[in-house]
Structure formats: C-alpha cells, structure tokens
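Each chain, letter by letter, is given below.
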Amino acid sequence: MKVLGVDVGGSYTKFVIWDGKRVVKRGRLKWNYGDDWKDLKILVDKLKEDFDARCVGFAIRGVWTKEEKRKLEKVLNGKVVSDVEGVFFDAFGNNDGMVLIAGTGSICFAKKGNKTFRYGGYGYLFSDWGSAFWVGKMAVELLLKKESFLRMAIFGTEDLEKIRLKVKRIMELDKGKMIKEVASFSKIVLKVAEMGDEDANYIVNFAIRELLGMCIRVYEISGISSLALHGGMFKSEFLRERFLNLAKRYNFDIKGYGFDGALGVAKFITASGGLK
C-alpha cells in the first residue's frame, strides 16, 4: 500500500510517497501556507493518481485542536495532524519522546504513554521563541537601535531612512509573506555570527537559550529527555552544534535531527492500517 504524506510548513510544502518500507518519491509542491486549501487538494489528488497512492495524510503547521483537524480533513479528504505530531511519529513512532521544531516558527512537544505535553507554538506574535522569524525580527530591532554590521548585511545600507522604507514595505506585505521575509533574515544572521560578529552572536546565543528553555520546561512536566530536532534553524551546523553542546549539559539524549513530518504522517497512516 502506497501512502502520500504531505508536510505543510511555514516556508514550503513537501511530500513523500511511502510504500511501507521505503520512500518511493519526495519533492515540493507549488503551494504555500495561506493559499487556498482547495488548490492543495487538487495537487494532492494528482499525486495520488500518478503514484497510485491509496491514502493521504497531512502534517500541518498551526493546526492543533480536534475541531481544526476535522475541518481540514473534510476539505482535504485525508488524515490531518499537526506538523510536530508528524515529525514526532517519524522520530519515535509509538514510543515516548520529545521533539523540538525550530523552523519559521517553533514548538516543543513530548509524548509519554497516552499523555502529550506542549510548550510554545502559539504563533509569531506571542511565541515562536528561537525560531527563524524570532531571530529575523530580533535582528531588525537591534539594527534599528544601534549601529551594527547587521544593517549592511540585511538591508545593504547604513542609511536609516532607506531602512525605514524597506521595513515599511515588509510591514505592508500580507501576513504570510511578511513572516517569510522576516524569517529569511535568520540565514544572514547565522552567517554573520559564524564570521564572528558580536551582535549576530548575541542573537544566536539568545535563540539557543530560548530553544533549550522550551525543552527544559517540557522535561519538567513530562520527565522525557530523549530529544529529536527538526526545522530549518538546525540545518545550520553552527547553531546546531552550539545547541547540542548545551543540551548535553542538561542530560538530554539527542535522537538526531532532520526528521520528516511528511514521512511521519505517512508512517502513521501505514501503522493505522490505512485511513482516508
């Protein structure tokens, strides 16, 4: 039985075709979070037909409650879980564990037996600590307050009036594009930090402490120390190694990084014997 798994993240949407033993195909879809869900269904239905996939599942950012999942399941005609649940199943299956996602947004999630625990994941306005958006936003705030190499690195100018106009343009974008634009600054911050810039390193170290703090909080309420990492921020070896060194001081058992929400939801459906 072939299963199609789709991971809807903050920056892009990807898919895998899973035959129960291996990934037959993986790729990205030309659809972004915030677009019409019906358009995503059209793309997914075409993939199901092309690869003769019997079932489809979606791991979607920002979806948590049963009502939110049921509503999207009706539109998409497939199983819906949160993005972090998809990553969790790829990393741990039905076993206990903890997942930390640091992508466009951030969330920490753990499962122990039948109980689940969560910290963060409430959106860019009030949480997403240590995420790409959080790092990008903090960098802009800092470079507006003081002279910094980050001004030139991010905006290509030291002229505050020109920067003000660029910031205004970003603020006038629709929410999805604005979040993606600000999050993209995190790549620049990480590169500049690796070059030794003091301001960039301050932001990166702050982000690492925020992310580790989320894990510590979930550990305190769950007792789980086996930790899997996921998200674009951990693709940076510079940040990842710093985070791992600090996490090990707190006795976290690192399962690994780079787990796949699309593959996780596909595995979940396979283990469930096939859903929609």
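How each quantity is defined
- Residues numbered from 1 in each chain as written.
- Predicted model: local features only at pLDDT ≥ 70, side-chain atom pairs only at ≥ 80, totals over all residues.
- Heavy atoms only, no water.
- Patch = residues over 30% accessible without salt bridge, like charges linked within 9 Å, V, L, I, M, F, W, Y side chains within 5 Å.
- Areas by Shrake-Rupley, 256 points an atom, 1.4 Å probe, with all protein chains shown as cover.
- Salt bridge = Lys/Arg side-chain N within 4 Å of Asp/Glu carboxyl O.
- Lys, Arg positive; Asp, Glu negative; His and termini not counted.
- Charge placed at Lys NZ, Arg CZ, Asp CG, Glu CD.
- Helix = DSSP H or I, 4+ residues; strand = E, 2+ residues; numbered from the N terminus.
- Buried < 20%, exposed > 50% of the residue type's maximum accessible area, 1.4 Å probe, protein only.
- Pairing = 2+ DSSP bridges.
- Axes fitted to C-alpha atoms, helices over the stretch in contact; angles between N-to-C directions.
- Contact = heavy atoms within 4.5 Å.

Student: Looking at this model, I keep getting lost on a positive patch on the surface. Mind explaining?
Tutor: Residues Arg28, Lys180, Lys187, Lys191 and Lys235 make up a contiguous surface patch of positive charge. Ranked by the residues each element gives to the positive patch, the list is headed by helix H7 (residues 175-194), at three residues. With respect to the secondary-structure elements, Lys187 resides in helix H7. On the basis of relative accessible area, Lys187 is assigned to the exposed category, the value being 61%.

Student: What's the story with the sheet that holds strand E5 (residues 79-82) in this structure? I'm lost.
Tutor: What holds strands together in a sheet is hydrogen bonding between their backbones, with the strands either parallel or antiparallel. Taken together, five strands build an open sheet; the order of strands is E3-E2-E1-E4-E5 and the sheet is mixed. In this open sheet, the two edge strands, each paired with only one partner strand, are strand E3 (23-29) and E5. Recorded for the sheet is a direction-independent mean angle of 20 degrees between the axes of neighbouring strands. Pairing of strand E4 (residues 55-60) with E5 involves four bridges; the strand directions are parallel. Looking at the pairing, Phe58 lines up with Val80 of E5. Along the sheet face, helix H2 (residues 66-76) touches E4 and E5 and points at about 140 degrees away from the line of E5. Each of strand E1 (3-8), E4 and E5 touches helix H3 (residues 83-92); the most contacted strand, E5, lies at about 90 degrees to it.

Student: I tried to follow the pattern of salt bridges on my own but got confused; where do I start?
Tutor: Any two side chains of opposite charge can pair, on the condition that their charged atoms come close. Inspection of the entire model under this criterion finds 14 salt bridges. A salt bridge links Lys14 to Asp260, with the shortest nitrogen-to-oxygen separation between them at 3.9 Å. Separated by 246 residues along the polypeptide, Lys14 in strand E2 (residues 13-18) and Asp260 in the loop between strand E10 (253-257) and helix H10 (261-271) bring together distant segments of the chain. Asp260 matches Lys14 in its accessibility class, with the two residues each being buried. Here Asp19 makes a salt bridge to Arg22, at a shortest N to O gap of 3.6 Å.

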